[in-house]
Amino acid sequence: MDTGLTDKVAIVTGGASGIGLSCARALAGENARVVLADLDHESAEREALELGTDAIGASVDVTDPGSVQALVDTTVERWGTVDALVTCAGVFHATPFDEIDALEWDRVLGVNLRGTFLTTQAVLRVMLPRGQGRIVTIASLAGQAGGLAAGAAYAASKAGVVALTKSIARFAGPHGITANCVNPGVIDTPMIQAWPDDARERTIGATPLGRVGSPEEVAAMVVVLASDVASFVHGAHIDINGGLLMD
Ligand code: NAP
């Protein structure tokens, strides 16, 4: 099946690690030009070098409008446009509800929700005049279930990403731009390394497929949503969780 991604330009935030890195690799595997954008720009640049001449690493703090605009400007200067955005930058926390302070709340919501908003808004300024584009956001099973191991700020931020994606879909759809969201369950990335063993085992025990997912399994669905294959998939949120939650 032709994904139509050859020579398309994709920005992947959180592209230096985990799901974002797998998305960048999978998009590059479809011959897209990829910007791996991350707070950790040294890793982003190193990973981009591994991918070859059609990938660059870039520094971004998705909570900062100026930094996000600079990322989009750099991409347009390099390759002339942006065809797809995948918003993987995120932070996790597991603080008990009664111990979350306002700073922590703002930090988690700031990266996961405000960051998704700012990045999408900046990219849409390039996509809208062209009347085409693909937005793929990363929410979480935590946003659906209230967080199995995750804290309330994380769960709320991810539920917000689902609603935000639907709002983007309503706004951008009439301009030929699709917006969709994936809800990963437990995926084997650096983000879950800090999970206590018992939480990990409990989760695996409750998962019909009996294991955690890999970042490549999330990336495969993201590539479909970023491609011509998903031309009529719009405003959707797609679970990738091994059956841990079925709704
Ligand atoms: P990860 O390996 O920790 O990757 C997240 C990346 O985002 C890191 O490289 C991190 O950089 C970067 N980042 C953090 N704050 C940023 C900011 N302000 N601006 C730019 N980049 C920033 O985690 P992951 O598991 O791949 O997570 C990717 C996405 O999937 C996240 O949105 C996460 O919430 C979501 N997700 C993950 C799972 C899972 O089980 N792993 C499940 C559901 C959803 P630093 O390392 O320098 O902070």
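All values derive from a computational prediction rather than experimental measurement.

Comments concerning the pairing of strand β3 (residues 55–59)
Point 1. In the sheet, strand β2 (residues 33–38) pairs with β3 via five bridges, with the strands oriented parallel. Looking at β3, one finds that Ala 37 is bridged to Ala 58.
Point 2. After leaving β2, the chain enters helix α2 (residues 41–51) and then returns to the sheet as β3, a path that is right-handed.

Focus: the site of the ligand
Point 1. Among the 28 residues in the neighbourhood of the ligand, the closest are listed as Ser 17, Ile 19, Asp 38, Tyr 154 and Thr 189.
Point 2. Here a nitrogen atom of the ligand sits 3.0 Å away from a polar atom, N or O, in the side chain of Asp 61.
Point 3. Its free accessible area being 890 Å², the ligand has 87% of it covered by the protein chains.
Point 4. Of all the secondary-structure elements, those providing two or more residues to the shell around the ligand are α1 (18–29) and α6 (152–172).
Point 5. Here the shell around the ligand is built from residues that sort into 17 nonpolar, seven polar and four charged.

A few points about the packing of helix α3 (residues 65–79) against helix α4 (residues 102–130)
The geometry of a pair of packed helices is captured by two quantities: the angle between their axes and the separation between those axes.
Point 1. Where α3 contacts α4, the axes come no closer than 9 Å and their chain directions differ by 35 degrees. Relative to α4, α3 is oriented so that their crossing is right-handed. Residues Pro 65, Val 68, Gln 69, Val 72 and Val 76 of α3 pack against Arg 114, Leu 118, Thr 119, Ala 122, Val 123, Arg 125 and Val 126 of α4.
Point 2. Class assignment of the residues belonging to the contact of α3 with α4 gives a composition of eight nonpolar, two polar and two charged.

About the thresholds
- Residues numbered from 1 in each chain as written.
- Predicted model: local features only at pLDDT ≥ 70, side-chain atom pairs only at ≥ 80, totals over all residues.
- Heavy atoms only, no water.
- Pairing = 2+ DSSP bridges.
- Helix = DSSP H or I, 4+ residues; strand = E, 2+ residues; numbered from the N terminus.
- Right-handed = clockwise from strand over helix to strand, strands pointing away.
- Near = heavy atom within 4 Å.
- Polar contact = N/O pair within 3.5 Å; in protein donor to acceptor, adjacent residues only side chain to side chain.
- Areas by Shrake-Rupley, 256 points an atom, 1.4 Å probe, with all protein chains shown as cover.
- Nonpolar A, V, L, I, M, F, W, Y, C, P; charged D, E, K, R; others polar.
- Axes fitted to C-alpha atoms, helices over the stretch in contact; angles between N-to-C directions.
- Left-handed = near helix turned anticlockwise from the far one by under 90°.
- Contact = heavy atoms within 4.5 Å.

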